[in-house]
Amino acid sequence: MKNLERLREVLTKIPHRPRGAETRHSAVHPAIRSPLVSRLFSPLPLGSLTLPNRIVIAPMCQYAAVDGNATDWHLIHLGSLALSGAGLMVLEATAVSPEGRISAADLGLWNDANETALALVLASVRRHAAMPLAIQLSHAGRKGSTQVPWEGGSQVHPHEPAGWQTLGPSAVPHAATDTPPHALDADGLRRVRDDFARAARRAARLGFDGIELHAAHGYLLHQFLSPLANHRTDAYGGPLENRMRFPLEVFEAVREAFPAGRPVWIRLSATDWVEGGWDLDGTVALSHALKARGCAAIHVSSGGVSTAQAIPLAPGYQVPHARRVKAEVGLPTIAVGLITSAAHAEAVIADGEADAVGLARAMLYDPRWPWHAAAELGARVAAPPQYWRCQPREAKDLFDMTRQGPGGRTM
Ligand SMILES: Cc1cc2nc3c(=O)[nH]c(=O)nc-3n(C[C@H](O)[C@H](O)[C@H](O)COP(=O)(O)O)c2cc1C
């Protein structure tokens, strides 16, 4: 009952309603009519994997790798987030080849050294956290060879140290001042497909619970989808069906290379936010095609392919895209983008707008965000036994204390 009252209180104070959805909400949220459990903290089946709750730590590049190898920064960063109680963590965009990196400091998974470095980090993280882990496999295409963001993020030209010749669907640069990418020919396409498949096999050996294929934010697979970056006249350019061909081939190769019992899903930019660019209709069509190929979910983001994009930033601004994909395609969707409060996250799930919420910046700002959300929503969350003593008085049942000390005493 106390939980019910707490949830009623937060849900009636939701600060933001997705645009256009105002009339669908009464003062009392429908979620509170159900037998009271937070929907955000209910389990989510994702293919054969079941997430303990619907909070997904969105992939976040750390630009802290050396030659693609994870470092002690990854241990600190991932170790901290793995104790957060989220339902899933997706590791940062991980390049499938050296030229597939955004910057020279990107994480990679193209050789044995990369695999070993990541295995060491994962072994430590897993010793202390049961959180499911997925990896985002990526190729930056024409958006590669850049400085790390805190050094400016502009392109490092191929003749400079730490620079390389980028690849793309067409020889069209991202920014006018960038060196144009080399357009991939048939051999190049095969190589990229094989690189993705090889990285997927390495991810399987590393014991990842899932793979997220990065086809968003203007990187290589998105470049093929968008008419703004894809000017090809062969079977991989022109009509929608052709522009979808290469991303679908890569998805198939990754799906085949990863154990059938573990899910593979995709991150898409639902729209380029540019007239004449990739759009939501294309996203729905592609999602149908992915569903037919065994895709477990769609992580719905947007933008990134064009410097002319005009993004109407607001809390939950990408949620309506996830809602449409979920309604029309029927695959689980992850909504992401400026979802920062527990009440808003709960509403996105309770309203059926998406099946999970992705959080990036909010997780960096508050790495215990899921604990605080669970306390606010009257739910339970996993926490390491070393920290159980911090459970606040007003949330006495917050931590799932299933691991007991000797004699059944709580340690
Ligand atoms: C530091 C940082 C690194 C990011 N790196 C990635 C990445 O590797 N792959 C990706 O798909 N998105 C990346 N993103 C985008 C986030 O996953 C997320 O979609 C975006 O930040 C919006 O969510 P938010 O409002 O919860 O931060 C990154 C965002 C941040 C802040």
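About the thresholds
Residues numbered from 1 in each chain as written. Predicted model: local features only at pLDDT ≥ 70, side-chain atom pairs only at ≥ 80, totals over all residues. Helix = DSSP H or I, 4+ residues; strand = E, 2+ residues; numbered from the N terminus. Buried ≥ 20, exposed ≤ 12 C-beta atoms within 10 Å, placed from the backbone. Contact = placed C-beta atoms within 7 Å. pLDDT = per-residue confidence, 0-100. Pairing = 2+ DSSP bridges. Right-handed = clockwise from strand over helix to strand, strands pointing away. Near = placed C-beta within 6 Å. Nonpolar A, V, L, I, M, F, W, Y, C, P; charged D, E, K, R; others polar. Expected span 1.5 Å × (residues − 1). Core = buried A, V, L, I, M, F, W, Y, C linked by C-beta atoms within 7 Å. Axes fitted to C-alpha atoms, helices over the stretch in contact; angles between N-to-C directions.

**Observations regarding the overall build of the chain**
Helix and strand counts for the chain come out as 11 helices and 12 strands. Split into buried and exposed, the 411 residues of the chain put 50% on the buried side. Considering only contacts in the chain between residues 6 or more positions apart, those separated by 24 or more positions represent 70%.

**Some details on the confidence of the model for the chain**
In this model, the chain carries a mean pLDDT of 91, and residues with pLDDT of at least 70 account for 89%. The low-confidence segment residues 404–411 (pLDDT under 50) makes seven contacts with residues lying over four places distant or belonging to another chain.

**Considering the pairing of strand β5 (residues 133–138)**
Here β5 lies mainly inside the structure; six of its six residues are buried. Taking every second residue as pointing to the same face, both faces of β5 are buried, with L133, I135 and L137 on one and A134, Q136 and S138 on the other. Alignment of strand β4 (residues 88–95) against β5, held across six bridges, turns out to be parallel. Bridging across to β5, L91 finds its partner in I135. As a crossover connection, the stretch from β4 through helix α3 (residues 112–128) into β5 is right-handed. Here β5 pairs with strand β8 (residues 210–215) via four bridges, running parallel. Each bridged residue has a counterpart across the sheet, and for A134 the counterpart in β8 is G210.

**Observations regarding the site of the ligand**
Lining the immediate surroundings of the ligand are 19 residues, of which A58, M60, A93, A360 and R361 lie closest. At the level of elements, β4 and α10 (361–365) are the ones that each hand at least two residues to the shell around the ligand. The residue inventory of the shell around the ligand, partitioned by class, reads 11 nonpolar, five polar and three charged.

**Some remarks on helix α8 (residues 319–329)**
Those residues of α8 not exposed but buried are V319, H321, A322, R323, V325, K326 and V329. Turning to α8, the residues buried within the fold contact α7 (280–292), β10 (298–301), β11 (333–336) and α9 (342–350). Trailing α8 by a residue or two, G330 shows a phi angle of about 80°, which is positive.

**Examining helix α4 (residues 186–205)**
The terminal C-alpha atoms of α4 lie 29 Å apart, and with 20 residues this matches the ideal 28 Å at 1.5 Å per residue to within 8%. For α4, every residue scored as buried is listed here: V192, D195, F196, A197, A199, A200, R202 and A203. Next to the buried residues of α4 lie α3, β5, β8 and α6 (240–257). Once α4 ends, the next one or two residues include G207, with phi positive near 80°.

**Quick notes on the nonpolar core**
Formed by 117 residues in total, the largest nonpolar core has its most connected members in I211, V254 and V357. In terms of residue count, α6 provides more of this core than any other element does, seven residues in total.

**Topic: the environment of L118**
Turning to its location among the elements, L118 is positioned in helix α3. Sequence separation between L118 and G68 is 50 residues, and the spatial gap between their C-alpha atoms is 9.6 Å. L118 has contacts with A70, L109 and L206, leaving out every residue within four places of it along the chain.

**Observations regarding the pairing of β4**
A large share of β4 lies buried, amounting to eight of its eight residues. Pairing of strand β3 (residues 55–57) with β4, which is carried by two bridges, proceeds in the parallel orientation. Each bridged residue has a counterpart across the sheet, and for I57 the counterpart in β4 is M89.

**Brief notes about the sheet that holds β3**
Strand order in the closed barrel formed by eight strands is β3-β4-β5-β8-β9-β10-β11-β12, and the pairing between neighbours is parallel. On average, each strand axis in the sheet is inclined to that of its neighbour by 25°, with strand direction left out of account. Two strands pair when backbone bridges link them, and strand β9 (residues 264–269) and β10 are joined in this way by four bridges, in the parallel orientation. In the sheet register, L268 faces β10, and the bridge partner there is V300.

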